[in-house]
Amino acid sequence: MLSGLLVILFSVGTVSSSEETQVTLNEAELRSTFEAVDGDGSGTLDRMELPNWVKRLVDAHIAENIPAAKKEFKTVDANRDKIVEWKEYEASAADTTSESRHKFRTADENGDGVLSQLEYVAFKNPLTTEYVLNRIAQELLEDFDTNKDGKVTTNEFVHHPPSRVEDKDDKEIDKMRKMEFRGTLDTNNDMSLDVKELRDYLYPLGKTFLTNEARHIMHNADINQDKVLSFEEVRENYLHFQKSDDNPVIQALHDEL
């Protein structure tokens, strides 16, 4: 999933369901997807093939969540005026905070204080909506950029005070953050992060996100540590591969960074 090293202030979460579902293994579907993603027919998935599985999960989630957000919009729009005011959302939501109010404003593209249906869909799907994603990336940069020079250095990322309150002296966390910075975020290797790099890191259909998620899945599912996944390893770790709200990839689309 997204590493947890950033502090994301903007995701709202999937459209909620009133029913709790228990995820069970669907072996036939799992095998069908495995064979489709196994491009070279080797019977295993390598680090080049695994991002394609992640993309399938993201695509399926988006295809489901966007229509659900449109449907939810109609429910939240209590007075049927085809816009949602904050007070309407507040009345319908189980819990609202100053952060959710900020997310609401971030999705308000034209700044009129209310959300159209398109803006409401963006509110519910911030990382897959371009203008919201750009705003998130810009605000993250400004949050990490303590000396306000328009970029984030390794030191600013590693020792970001708001996200290091409880572990500011933990050298192991320092090491993990440095690895994340150099290995995943700093794609042009200039020892700093710009808005584009942060945006690419967050965009769930981009190469950076897909590769990063695939790397996490490989780490967790590669039982024999041979750097490829057999079908047996995929089946053993099916929660990483089947679409559900418990899937770490789906959670990564909505986790707070």
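Refer to the structure above for everything that follows.
Below or above, wherever it landed, is the structure these notes cover. This one's a predicted model, so the numbers in the text were calculated from it and none came from an experiment.

1. Overview of the overall build of the chain
Then, number 1: Broken down by element type, the chain carries 12 helices and 6 strands.
Then, number 2: A burial count over the chain gives 44% of its 257 residues as buried.
Then, number 3: Taking all contacts inside the chain whose residues are at least 6 apart in sequence as the whole, residues at least 24 apart take part in 60%.
Then, number 4: Accessible area for the chain stands at about 13800 Å²; split by element, carbon and sulfur atoms hold 48% of it.

2. Structural notes on helix H4 (residues 98-107)
Then, number 1: Within H4 the residues assigned to the buried category are Ser-100, Lys-103, Phe-104, Thr-106 and Ala-107. The buried side chains of H4 occupy one side of the element, clustering within an arc of 160° when seen end-on. Within H4, the exposed residues directed more than 90 degrees away from the buried face are Ser-98 and Arg-105.
Then, number 2: The inward-facing, buried residues of H4 abut strand S2 (84-85), helix H3 (86-92), strand S3 (114-115), helix H5 (117-124) and helix H6 (130-144).
Then, number 3: Near the N-terminus of H4, the side chain that reaches the backbone nitrogen of Glu-99, with its oxygen 3.2 Å away, is that of Thr-97.

3. Considerations on the packing of aromatic side chains
Then, number 1: For the structure on display, the rule yields 12 aromatic pairs.
Then, number 2: Here Trp-53 and Phe-241 contribute two aromatic rings whose centre-to-centre distance is 4.9 Å and whose plane-to-plane angle is 70°, an arrangement assigned as edge-to-face. Here Trp-53, found in helix H2 (residues 50-76), pairs with Phe-241, found in the loop between helix H11 (231-236) and helix H12 (248-252); they are 188 residues apart in sequence, far enough to count as distant. The residues Trp-53 and Phe-241 share a single accessibility class, namely buried.
Then, number 3: Ring centres of Phe-73 and Tyr-120 lie 5.7 Å apart, and the angle between their planes is 65°; on these two criteria the pair is classed as edge-to-face. Linking Phe-73 in helix H2 with Tyr-120 in helix H5, this pair joins segments that are 47 residues apart in sequence. Of the two residues, Phe-73 and Tyr-120, both sit in the buried class.
Then, number 4: Three or more aromatic residues joined by ring pairs make a cluster, and in this case those are Phe-73, Trp-86, Tyr-89, Phe-104, Tyr-120 and Phe-123.
Then, number 5: If you follow Arg-199 out to its NZ or CZ, it ends over the ring of Tyr-203, 5.6 Å from the centre.

So, how was this worked out
- Residues numbered from 1 in each chain as written.
- Predicted model: local features only at pLDDT ≥ 70, side-chain atom pairs only at ≥ 80, totals over all residues.
- Heavy atoms only, no water.
- Helix = DSSP H or I, 4+ residues; strand = E, 2+ residues; numbered from the N terminus.
- Buried < 20%, exposed > 50% of the residue type's maximum accessible area, 1.4 Å probe, protein only.
- Contact = heavy atoms within 4.5 Å.
- Areas by Shrake-Rupley, 256 points an atom, 1.4 Å probe, with all protein chains shown as cover.
- Arc of directions from axis to C-beta.
- Polar contact = N/O pair within 3.5 Å; in protein donor to acceptor, adjacent residues only side chain to side chain.
- Phe/Tyr/Trp six-rings, centres within 6.5 Å; stacked < 30°, edge-to-face > 60°.
- Lys NZ or Arg CZ within 6 Å of the ring centre and 35° of its normal.

The analysis is restricted to geometry; functional conclusions fall outside its scope.
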